[in-house]
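# Summary of the model geometry
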Amino acid sequence: MIADRSVFGDDHPPQELLHREPAVAALTRAFEPATHGDRADDVLIAGPSGVGKTVLATHTLGRLQQRADIHTAYVRALDQSAAGIVRNVLQELGADPAMNTPLEDLCLALDERVDRPTVVVLDEASELPRSDALARLDDVPLCSWVAICHEPTDWLARVDDRVRHRVVGREVVLDRYSVDELADILEPRVRQGLRGDPVGRDQLERIADTVAGVARAGIQTLLAAAEIADERQHSRIRDADIEDGWPRAQAWIRESNLESLPFHHQLLYELIRRDGPLRGGALHRRYDEIADDAYAGRARTPVQRRARRDQLAKLREYDLIECEGSGRGAEYRVCDASIRSPYEVAVPPGQ
Ligand SMILES: Nc1ncnc2c1ncn2[C@@H]1O[C@H](COP(=O)(O)OP(=O)(O)OP(=O)(O)O)[C@@H](O)[C@H]1O
């Protein structure tokens with residue numbers, strides 16, 4: 001039944017970006033100055049995981065590149081310092097700065113390199129307000145950015161005034177899709193990725209409803225249902241295949257989310273997986289007890305509580321952990337204890 005698995009991957013660009021017309025129009029307006037050789041406006045894209053924030057940015061920039069002489073750079077900002085981000089932008093623009101180049105020199109190199117409108121997509125930018133990377137990019141006359149985060153209010157409250165003024169009031173906030181919309185989005189994946197006519201519209205709507213309008217979850221559930229139908233030798237996908245496909249898809253998404261995170265997040269996850277449910281205070285104490293051993297021999301060093309709180313928020317956004325209650329009584333547990341960190345994260349036993 002499955003003709004081409006790659007059609008279901010995040011990196012498979014959809015031919016059409018359905019049901020995001022207002023968002024595409026807002027981005028296109030922000031990029032318009034670049035078509036005249038000027039600096040584009042900065043943009044903040046926000047919304048829950050898997051609703052198409054990244055594909056909105058890449059798709060709209062792809063279209064822009066067809067009609068304007070611009071450069072684009074894509075950088076995952078998660079857990080990166082300002083120097084790391086500027087270095088990645090330079091690499092995306094074809095330069096090869098040495099690892100230990102100081103931030104000031106990297107910024108000078110960027111200033112020299114950017115000779116036409118350049119739009120930098122900063123994905124996974126929830127923690128970006130901690131660094132001055134945005135201000136550094138803003139210092140380069142033709143360089144603008146698109147930051148992608150989950151929670152716009154909190155993000156805007158944490159950036160400095162200069163950055164806030166550039167994007168406030170023009171945020172592009174994406175919501176989950178309706179059942180009808182997501183079923184429309186699934187149809188081309190069926191045509192391109194599956195053989196024959198294996199699934200009806202009502203079942204696509206069933207999938208869309210099951211995953212509450214999250215595109216990535218819908219696409220993965222469709223794939224998982226097709227895989228299960230194959231295993232059961234069904235010639236068409238049945239409702240039971242969809243029902244069993246959803247947990248399989250959830251596990252795939254969680255595994256891939258966890259794999260994409262840095263060591264800091266992996267360690268917190270493994271601590272909660274092994275010792276959870278854990279209250280916030282107990283979790284931080286356990287972290288402090290084991291951190292030196294856990295980080296031994298790594299380039300990274302243990303992080304402060306404030307950064308850990310961001311990392312816990314990220315684990316929750318990615319549906320890897322859940323938190324019951326609030327404040328001091330809040331208790332953390334993993335969503336699926338069978339999902340383990342792909343890193344060799346040795347969590348030493350408690351003392
Ligand atoms: N309107 C759409 N049309 C076609 N495909 C879509 C649409 N919206 C989302 N998708 C697909 O859904 C998947 C997830 O999208 P994307 O990676 O852009 O989500 P995201 O919001 O950036 O997620 P995260 O916050 O976890 O990074 C991708 O395969 C993407 O192509």
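Since the model is a prediction, treat every value here as computed from it, not as a measurement. Within every chain, residues take consecutive numbers counted from 1 along the sequence as written. In view of the model being predicted, local features appear only for residues whose pLDDT reaches at least 70, and side-chain atom pairs are presented and counted only at 80 or more, with totals across whole chains, interfaces and linings using the full set of residues. The side-chain values count all of the structure's non-hydrogen atoms but skip hydrogen atoms and water molecules.

### Structural notes on the side chain of Asp241
By the secondary structure assignment, Asp241 is in helix H11 (residues 239-259). Two N or O atoms count as a polar contact when they lie within 3.5 Å, although within protein this holds only if one can serve as hydrogen donor and the other as acceptor, and sequence-adjacent residues are included solely when both atoms are side-chain atoms. Here His234 takes part through its side chain, which lies 2.9 Å from a polar atom of the side chain of Asp241. Counting from the N terminus, the helices are the DSSP runs of H or I reaching at least four residues and the strands are the DSSP runs of E reaching at least two.

### Examining the site of the ligand
We call a residue near a molecule or strand when any one of its heavy atoms sits within 4 Å of it. By nearness alone, 23 residues border the ligand, and Leu18, Ser49, Lys53, Thr54 and Tyr177 come closest of all. The separation between an oxygen atom of the ligand and a polar main-chain atom of Gly52 is 3.1 Å. Between Arg216 and the ligand, the recorded distance is 3.0 Å, taken from a side-chain N or O atom to an oxygen atom. We get accessible surface area from the Shrake-Rupley algorithm with a probe of 1.4 Å; when it comes to residues, only the shown protein chains can shield them. Contact with the protein chains covers 96% of the free accessible surface of the ligand, which is 640 Å². Space inside and on the surface of the protein is sampled on a 1 Å grid over the protein atoms alone, with a cavity defined as a set of points where a 1.4 Å probe fits but cannot get out and a pocket as an open set with protein on both sides within 12 Å along at least 5 of 7 lines; lining residues have an atom within 4 Å of a point. To be counted as sitting in a cavity or pocket, a molecule needs more than half of its atoms within 2 Å of that site's grid points. Its atoms largely coinciding with the cavity grid, the ligand occupies the largest pocket. Looking at the shell around the ligand residue by residue, the classes come out as 11 nonpolar, six polar and six charged. Two domains share the shell around the ligand, each providing at least three of its residues, namely domain 1 (21-173) and domain 2 (177-258). Residues are grouped as follows: Ala, Val, Leu, Ile, Met, Phe, Trp, Tyr, Cys and Pro are nonpolar; Asp, Glu, Lys and Arg are charged; every other residue, Gly included, is polar. In this document the domain limits rely on a domain assignment from an automatic tool or a database.

### Observations concerning the sheet that holds strand E6 (residues 278-279)
Taken together, three strands build an open sheet; the order of strands is E6-E8-E7 and the sheet is antiparallel. Lying at the two open borders of the sheet, with one neighbouring strand each, are E6 and strand E7 (321-324). Two strands make a pair as long as DSSP finds a minimum of two bridges between them. Here E6 runs beside strand E8 (residues 331-334); their pairing, made up of two bridges, is antiparallel. In the sheet register, Arg279 faces E8, and the bridge partner there is Glu331.

### A closer look at the pattern of salt bridges
Each salt bridge in this description consists of a side-chain nitrogen of Lys or Arg and a carboxyl oxygen of Asp or Glu lying within 4 Å of one another. If you walk through the whole model with that rule in mind, you get 36 salt bridges. Close ionic contact of Arg216 with Asp10 constitutes a salt bridge, the shortest N to O distance being 3.0 Å. Taken together, the residues Arg216 in helix H10 (residues 215-231) and Asp10 in the segment before helix H1 (21-35) connect sequence positions 206 residues apart. Working definition: with a 1.4 Å probe on protein chains only, accessible area under 20% of the residue-type maximum means buried, over 50% means exposed, and in between means partly exposed. Accessibility expressed as a relative area gives 24% for Arg216, which makes it partly exposed. Looking at Asp10, the relative accessible area reads 58%, which means it is exposed. Put simply, Asp42 and Arg39 hold a salt bridge, and the shortest N to O gap is 3.1 Å. Using a relative accessible area of 2% as the deciding quantity, one classes Asp42 as buried. Of the residues examined, Arg39 reaches a relative accessible area of 19% and is grouped as buried.

### Some remarks on helix H12 (residues 263-275)
Owing to its 3.6 residues per turn, the α-helix brings residues three or four apart onto one side. Multiplying 1.5 Å by the helix residue count minus one yields the expected span of that helix. Between its first and last C-alpha atoms H12 spans 18 Å; for 13 residues at 1.5 Å apiece the expected length is 18 Å, and the two agree. In terms of burial, H12 is largely enclosed, as 11 of its 13 residues are buried. Every buried residue of H12 is listed here: Phe263, His264, His265, Gln266, Leu267, Leu268, Tyr269, Glu270, Leu271, Ile272 and Arg273. Structurally, H12 contributes buried residues whose contacts are with H11, E6, helix H13 (280-295), helix H14 (305-317), E7 and E8. Contacts are assigned to residue pairs that have any heavy atoms within 4.5 Å of one another.

### As for the nonpolar core
Only buried residues count toward a nonpolar core. Its members are Ala, Val, Leu, Ile, Met, Phe, Trp, Tyr and Cys residues joined through side-chain atoms within 4.5 Å. Within the largest apolar cluster, 35 residues are counted, with the highest numbers of intra-cluster contacts made by Val89, Leu110, Leu122, Leu128, Trp145 and Trp155. For this core, the element with the most residues is helix H3 (residues 82-92), which contributes six residues. Apart from the residues lying within four places of it in its own chain, the contact partners of Trp155 are Leu44, Ala125, Ser126, Leu128, Pro129, Leu134, Trp145, Ala147, Cys149 and Val163.

### Quick notes on the layout of surface pockets
Grid points are joined across faces, edges and corners, and a volume is the space filled by probe spheres set on the points. Computed from the structure, the largest pocket encloses a volume of approximately 1,300 Å³. If you trace the largest pocket, you find 50 residues lining it, with Gly9, Asp10, Asp11, Val55 and Arg216 closest to the centre. Breaking the lining of the largest pocket down by element, the ones donating at least two residues are helix H2 (53-67), strand E2 (71-76), strand E4 (143-149), helix H8 (179-193), H10 and H11. Per-element tally for the lining of the largest pocket: the top contributor is H8, with seven residues. Taken together, the residues of the lining of the largest pocket sort by class into 19 nonpolar, 16 polar and 15 charged. Each pocket or cavity is described by its volume, and for the second largest pocket that value is around 610 Å³. Along the walls of the second largest pocket sit 24 residues, with Asp79, Gln80, Ser81, His264 and Arg300 positioned nearest its centre. Residue composition of the lining of the second largest pocket, grouped by class: 10 nonpolar, six polar and eight charged. Mapped onto the domain boundaries, the lining of the second largest pocket takes at least three residues apiece from domain 1 (21-173) and domain 3 (261-334).

### Description of H10
Under the 1.5 Å per step criterion, the end-to-end length of H10 is 24 Å for 17 residues, consistent within 8% with the ideal 24 Å. Counting buried positions over the 17 residues of H10 gives 14, a clear majority of the element. At the exit of H10 stands Gln233, carrying a positive phi of roughly 55°.

### Comments concerning the side chain of Asp123
Turning to its location among the elements, Asp123 is positioned in strand E3 (residues 118-123). Within the structure, the side chain of Asp123 is placed 2.6 Å from the side chain of Tyr74, a separation counted as a polar contact. Apart from residues lying up to four places away in sequence, Asp123 is in contact with Thr54, Tyr74, Val75, Arg76, Ala77, Leu78 and Ile148.

### Here we look at the pairing of strand E1 (residues 43-46)
In E1, alternate side chains face the same way, and those of Val43 and Ile45 on one face and Leu44 and Ala46 on the other are all buried. Sheet analysis places E1 next to E4, joined by four bridges and oriented parallel. Residue Ile45 lies in a different strand from E4, and its bridge partner there is Ile148. With two bridges joining them, E1 and strand E5 (residues 172-173) adopt parallel strand pairing. Note on E5: the bridge partner recorded for Ile45 is Val172.

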